[in-house]
Every structure is written in C-alpha cells, then in structure tokens.
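# Breakdown of the fold
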Amino acid sequence: MNPTDLAIRAKEQAEQAMTLADRALAAAHAVQPLAEAAHPFLLLLTIFLLACFVGYYVVWSVTPALHSPLMAVTNAISSVIVVGAILVTGMAESPVARVFGFLAVILASVNIFGGFIVTRRMLAMFKRKG
Amino acid sequence: METISTLAYLIASVLFILALRGLSHPETSRQGNLFGMIGMAIAVVATLFHSGIDGGGFALIIAGIAIGGGIGTVLARRIQMTSLPQLVAFFHSLVGMAAVLVAAAAFYAPESFGIGTQGHIQPSSLVEMTLGLAIGAVTFSGSLIAFAKLDGRMSGAPILFRNQHWLNLGLGILLLVLAIAFISTGNALLFWLIALLSFGLGFLLIVPIGGADMPVVVSMLNSYSGWAAAGIGFTIGNLLLIVTGALVGASGAILSYIMCKGMNRSIINVLLGGFGTDPAAAAAGGGSAGPARPVKAGSAEDAAYIMKNAQKIIIVPGYGMAVAQAQQVVREMADLLKKEGAEVSYAIHPVAGRMPGHMNVLLAEANVPYDEVHELEEINPEFAEADVAYVIGANDVTNPAAKTDKSSAIYGMPILDVEKAKTVFFVKRGMASGYAGVENELFFRDNTMMLFGDAKKVTQQIVQSLQK
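Parameters and conventions
Residues numbered from 1 in each chain as written. Chains lettered and ligands numbered in written order. Predicted model: local features only at pLDDT ≥ 70, side-chain atom pairs only at ≥ 80, totals over all residues. Heavy atoms only, no water. Helix = DSSP H or I, 4+ residues; strand = E, 2+ residues; numbered from the N terminus. Buried < 20%, exposed > 50% of the residue type's maximum accessible area, 1.4 Å probe, protein only. Contact = heavy atoms within 4.5 Å. Lys, Arg positive; Asp, Glu negative; His and termini not counted. Charge placed at Lys NZ, Arg CZ, Asp CG, Glu CD. Rg over C-alpha atoms; globule rule 2.2 N^0.38 Å. Phe/Tyr/Trp six-rings, centres within 6.5 Å; stacked < 30°, edge-to-face > 60°. Lys NZ or Arg CZ within 6 Å of the ring centre and 35° of its normal. Axes fitted to C-alpha atoms, helices over the stretch in contact; angles between N-to-C directions. Left-handed = near helix turned anticlockwise from the far one by under 90°. Nonpolar A, V, L, I, M, F, W, Y, C, P; charged D, E, K, R; others polar. Core = buried A, V, L, I, M, F, W, Y, C linked by side-chain atoms within 4.5 Å. 1 Å grid on protein atoms, 1.4 Å probe; cavity = no way out; pocket = protein on both sides within 12 Å on 5 of 7 lines; lining within 4 Å. Points joined across faces, edges and corners; volume = space filled by probe spheres on them. Salt bridge = Lys/Arg side-chain N within 4 Å of Asp/Glu carboxyl O. Expected span 1.5 Å × (residues − 1). Buried area = accessible area lost by both parts, 1.4 Å probe. Polar contact = N/O pair within 3.5 Å; in protein donor to acceptor, adjacent residues only side chain to side chain. Pairing = 2+ DSSP bridges. Disulfide = S-S within 2.5 Å.

All right, on to the overall build of chain B then. The secondary structure content of chain B amounts to 18 helices and eight strands. Of all 468 residues assigned to chain B, the portion counted as buried reaches 57%. Within chain B, contacts between residues at least 6 apart in sequence are counted, and of these 76% link residues at least 24 apart. A gap of 5 Å separates the mean positions of the 27 positive and 31 negative side-chain charges of chain B.

Laid out in structure tokens, this is it:
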C-alpha cells in the first residue's frame, strides 16, 4: 500500500470517528438535562433515607432518663435551617426575600442558643450517687 | 469553596449524630452536647464564607444571630425546670416558623439556591418547597397551642365541637388541591393560601387534645419540626439540613411511639383527642355517680411513723409533683429516710409529666442521683418487696384497673405495680379521678392510706415529723 492510499484511509477513519464523536456529544447533550434533574434528587433522597435509619438506631439507644434533653437538643440541631436563612439573607436579589431570611436567622438563632444552653443546664444536673 | 463547605456540612452531620449518640448515658451526654455545639458552629461559619454573600448581607446576618442568640440565651438561662415542656413547645414553634420564612425566601429569591429564577422555579423544587412550607406552618401553630396549654395560658381541657374531624379532613383535602395548583403554576397567592391554611390546620389539630396527652403532642411536633427542616433541605439542596431533619424527624417519631405505648393507645386515638371527656366511661368506671366509698385517710405523722420503720421505700412521682414544685422536699424526705437505714428508690412511668423524661429532669434538679431513678420495667418486680410506695401526684399510671377491668378507658396500659407494696401512700389534693376520668381502685384498698393536701406541704410535714 502506498503512502497516499494510507493517508486517504486514515482520513476516512478520522472523519468517521469525528462523526461518531459528534453524535456521542449530541446524545450526551440530550441526556444531560435529564441527568441533572434526576440525579441530585436521587442522591439527596438516598442520603435522607440513610439518615432516617441512622436516626432510628441512634435514638433507640438513648436512655429514657434523658428523653427531655434529647428533645431539647434535637430542637437545637433542627435549627441548622439557619444555613438556608443565612444564604438568602446574604445574597438574594429580592429585598423581600432578604427580610424573610433575616427574620428566619433571628428565630433559628433563638433556638440554637436556647436549645443548646437549656440542654447543657439539664445534663449538668444528672449526677451519680455520692 | 463549594467543596470546603460541603465537607464542613459533612463534619457537622457526623457531629450531630454523635450528639444524639452521647445521650445513651448521662456520663457521655455532656460531651455529646458539646459535639452538637461544635457541629452547629462549623455549619454556620462555613456558610458565612460563601462567596455570594455581600457586605450588607453579612452585617444583617451577624445582627440577626446576635439578636436571636441573645434572646435564646436569656430564655434558656431563666427558665424554671418545671416550665421546660412549654419552653420546648415554644422552641418547636420557632423552627416551624423559620421553615416557613426560608420557604418564602426561596420562593422570592430562587436564584440564591440555584433552583430557577423568580416566577420560573423548577417544579420538583416547588414540590419540596410546598412540603417544607406546609409542615413548617402546621408545626408553628400546633406548637403555639401546645405551648399555651402547657403554660396554662389556655385550658388544658380538650376543645371539642361538632364535625371537628370532618372539618379537618376537608381542610386537609383543600390543602392538597391548593398544593397541586401551586406546584403547577408557581403562583404567589397560592403560596400564601397554603401557608394560611396550614397555620389553621395546625391550630385545629391540637385544640382537641387534652393536657395529659401533651407528651405525645410535644414529641410529634418535635418530629414535624424535623420533617419541615428536611423539606427545606430538599428545596435548597442542602445535605446537612436533610440529614439533620431526618435525625430529628426519626427522634420525634420514636418518642411519640414510646409515649403512645406507655398509654397503650394508638397515635390516631391520641390525635383524635377528647380523651377522658367521655361521661359514660367515667360513670361506668365508678366516677362520682356511685355512693361515696370509705377510704383510709392518714396524717403526715402517721406516714412518717410507718416510713421510719420501713426498709425499702419506692417513691412514685407524677405531674402533681411538678405542679406543686415538690421535688426538692421529696429529696429531703428521702435523705432523712436513708439516714434511718431505709433503701429509697424512685419509679418513673414513661408518660409521667408533660414531656418525655420530665420527671427525671426534675429529680436531677433536686440532686437525686440518676442511679436511684428507675424505669417501669426495671422497678416493677421490686414493689412486691417494698414496705412503702409513696405516690406523689400520680394516679392513672398506678391504677390496677388497667390490668383487670376490660371496660376501663386505661385497660392495657402498663402500670407501676404499687399495689404490691405493703403500704401505699397517695398524696393527693382530693378524691378527683385522674386525667383518664377513671377512679383508682387502689384508693379503697386496706393497705392504702390517703394523704390529702398539697404535695409539697404534705411532704414537708412528713419531713418535720421525721426530724423530731
């Protein structure tokens, strides 16, 4: 085979490869919105369900004597909703949204400080004999 | 930056799990609480470093944290331990309201969370937003009612009216219709209608539930506050919120289950409310209809004399002890009896008081060592060996009718076997029946002595007699 033929064959192959690559790219583009829409949600749902199981087993191991502190501390940590409030207060374009965010920061902070402090107060009282 | 904040959220999630894990024992619990605080600090600081936050916003955030933190600190430091249930209910309402506000903020500024632009939010995000909003709003108004009932700002008696449950069902269906309409249109008016309706529903769901069922209600609202947080977590795509919401939701659900089991009632039965208000059941259980049966009433001196000679004494505290603030003087009595050589322990029913573990906290406050305080299953076999059971402000949880009388409203409820003790003292204001409206058979037994009066005063008198 002479070098010219070889070059032509190579060129044909390369063109075919390019077409295939183009098609693959187009396909990927078509799939992308779907993947973006579905995948993160499924990921979050997985995390959510696993966390439910972790919560289930961890909470059953809590001693009944400490059920009041449990309630107070879960109250405090559920106020981690403050991260959403912080983001919106700091970066929202809409002033209305910032006001809502600001109020949410206040309420959640009442809970965070109040919840942890009252839990600490309660736990400090539980003492052993003697 | 994105990676660092995700990592910080992951660490915070693990610390929160460890905070709950620590509560498996009093000794590890204090460290657990510290883990929780550190986790929260990490989460907040990592969020504050987000590149999109501008200067004005930053100042606003710090101001908000300072205001809220100040209020929270003062509240938590000043609260009396007997008022703990209402404080917790109040805190739940704040989580609910925060969820509503964040949902509203996300609705008006979806670009902050990358879920679309105003008026064009992804439908999946609208679904999650609706869930967070509705659950948050129900948590808010429901918890406010629970707070008002626990704090005595409104009567603890169930509020019942005709077709109540049908009204709630109708409103529930209407809520569903509004939610579907909102998700398909993204209309602002519908958003606020859903909020309003959910507020109303939360209110209506809790008013028919009576005071002594509050342990279940508070636990359930605890659970709701978790699910609301998780709903918001899905809306704004935040891993930490989702994990925490799931933990809290599961925790509240388990506590509700334990409380219901402690009363042998289904959660549906509790939620439908009106327990203990059925006049027919009260009459059938003896009630006030029958002729007065004789009871043995004793004086504090009699009780002191018998207890002085007792070897083994079990104290059974109930809500009455909390109301009378008698925990301190009960401990004093126990100390004196221990000096006389008696063995003193405490028996706690799962639903004693107004929130799970309420009695344990009160006894701990009065410096009662936690290893003297026992749960129902642990201590029940010991009543047979006890010389004295000192029941202070507890009634339904000691009623043997729960074991024998199939027609009783409390049949099947696990009870403390105080009847097996040689002598039973009941400290009570009068002969009124307990929350369930069932008369306690134990009052009429030969080995029972009623000590009529305020729990604190009676116990004080016993202390004085013991000191003589």
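From this point, the discussion proceeds with the structure in view.
Right, let's talk about the overall build of chain A for a bit. Of the regular secondary structure elements, chain A holds four helices and zero strands. Along chain A, from the amino end to the carboxyl end, the secondary structure elements read α-α-α-α. Radius of gyration (C-alpha) of chain A: 29 Å, far over the 14 Å computed for a compact globule of 130 residues. Judged by the C-alpha coordinates and their principal axes, chain A covers about 100 × 45 × 20 Å. Taking all 130 residues of chain A together, the buried fraction comes to 47%. When contacts within chain A are restricted to residue pairs at least 6 apart in sequence, those whose partners lie at least 24 apart make up 59%.

With that out of the way, let us pick up the packing of aromatic side chains. All chains considered together, the criterion is met by 18 aromatic pairs over all chains. Look at Phe191(B) and Trp192(B): their rings are 5.0 Å apart centre to centre, the planes differ by 75°, and that puts the pair in the edge-to-face class. The rings of Phe100(A), Phe107(B), Tyr108(B), Phe182(B), Phe191(B) and Trp192(B) are connected pair by pair, giving a single aromatic cluster. A cation sits over an aromatic face here: Arg354(B) above Tyr319(B), 3.5 Å from the ring centre.

So, about the environment of Val59(A). If you trace the backbone, Val59(A) turns up in helix 1 (residues 3-60). Since its relative accessible area comes to 2%, Val59(A) is described here as buried. In the structure, Val59(A) is positioned 33 residues away from Ala92(A) in sequence and 37 Å away in space, judged by C-alpha atoms. Once residues within four sequence positions are removed from consideration, Val59(A) is found in contact with Leu70(A), Leu20(B), Ser251(B) and Ile254(B).

Okay, the packing of helix 4 (residues 95-125) of chain A against helix 3 (residues 55-78) of chain B next. Here helix 4 of chain A crosses helix 3 of chain B at 35°, and the two axes come no closer than 7 Å. In the crossing of helix 4 of chain A with helix 3 of chain B, the sense of the turn from one axis to the other is right-handed. Considered class by class, the residues forming the contact of helix 4 of chain A with helix 3 of chain B number 15 nonpolar, eight polar and five charged.

Attention shifts here to the side chain of Thr47(B). Positionally, Thr47(B) belongs in helix 2 (residues 26-48). Dropping the residues within four chain positions of it, Thr47(B) is found in contact with Val83(A), Ile86(A), Leu87(A), Tyr9(B) and Ile53(B).

Okay, the nonpolar core next. Formed by 194 residues in total, the largest nonpolar core has its most connected members in Met129(B), Met307(B), Ile315(B), Tyr390(B) and Ile462(B). Top contributing element to this core by residue count: helix 4 (residues 84-108) of chain B, with 17 residues.

Turning our eyes to something else, we now look at empty space enclosed by the protein. As enumerated under the stated definition, the model contains one cavity of 30 Å³ or more in all. Here the largest cavity is characterised by a volume of approximately 40 Å³. For the largest cavity, the full set of lining residues is Ala65(A), Phe126(A), Asn360(B), Leu363(B), Ala364(B), Val368(B), Pro369(B), Tyr370(B) and Val373(B). Residue contributions to the lining of the largest cavity peak at three residues, all from helix 15 (residues 358-365) of chain B. Per-class residue counts for the lining of the largest cavity are eight nonpolar, one polar and no charged.

Glancing now at the pattern of salt bridges. All names here are of chain B. Overall, the coordinates contain 13 salt bridges over all chains when judged by the stated rule. When the shortest N-O distance is used, the salt bridge between Lys312 and Glu382 registers 2.7 Å. Of the two residues, Lys312 is situated in strand 3 (residues 312-317) and Glu382 in the loop between helix 16 (376-379) and strand 6 (388-392); the sequence distance between them amounts to 70 residues. Its salt-bridge partner being Arg445, residue Glu419 comes within 3.2 Å of it at the nearest N-O pair.

Residue and element names in this part refer to chain B. In this model helix 14 (residues 327-339) runs 19 Å from its N-terminal to its C-terminal C-alpha over 13 residues, within 8% of the 18 Å that 1.5 Å per residue would give. Of all the residues in helix 14, the buried ones are Gln327, Val329, Val330, Arg331, Met333, Ala334, Leu336 and Leu337. At the C-terminal side of helix 14, Gly341 shows a positive phi close to 100°.

Between chain B and chain A, the residue contacts involve 105 residues of the former and 77 residues of the latter. Both sides together, the interface formed by chain B and chain A hides about 8,200 Å², and carbon and sulfur atoms give 79% of it. A salt bridge links Arg98(A) to Asp54(B); the nearest nitrogen and oxygen atoms lie 2.6 Å apart. On inspection of chain B and its partner chain A, the count reaches 19 residue pairs in polar contact (both at pLDDT 80 or more).

A few words now on the pairing of strand 3 of chain B. All names here are of chain B. Of all six residues in strand 3, six are buried; the element is thus mostly enclosed. Of the two faces of strand 3, the one carrying Lys312, Ile314 and Val316 and the one carrying Ile313, Ile315 and Pro317 are both buried. Taken together, the four bridges between strand 3 and strand 4 (residues 343-348) define a ladder with parallel strand orientation. By the bridge assignment, Ile313 is partnered in strand 4 with Val344. Across five bridges, the pairing between strand 3 and strand 6 is parallel. Its bridge partner being in strand 6, Ile314 is matched across the sheet by Ala389.

All names here are of chain B. Inspection of the secondary structure puts Thr130 in helix 5 (residues 123-150). Assessed through its relative accessible area of 6%, Thr130 is described here as buried. Those residues in contact with Thr130, other than ones at most four positions away along the chain, are Ala179, Phe182, Ile183 and Ile194.

A complete count under the given rule lists zero disulfides over all chains for this structure. We note that Cys52(A) lacks a disulfide partner, and the nearest cysteine sulfur, in Cys260(B), lies 19 Å from it. Judged by its relative accessible area of 16%, Cys52(A) falls in the buried class.

All names here are of chain B. Spatially, six strands are ordered 5-4-3-6-7-8 in an open sheet, and the strand pairing comes out parallel. Where the open sheet ends on each side, the last strands, each with one partner, are strand 5 (373-375) and strand 8 (448-452). Neighbour to neighbour, the strand axes of the sheet diverge by 25° on average, direction disregarded. Pairing of strand 4 with strand 5, which is carried by three bridges, proceeds in the parallel orientation. When the bridges of strand 5 are listed, Ala347 appears paired with His374. Set on the sheet, helix 14 makes contact with strand 3, strand 4 and strand 6; between it and strand 4 the angle comes to about 145°. Of the strands in this sheet, strand 3, strand 4 and strand 5 are in contact with helix 15, which crosses strand 4 at around 145°.

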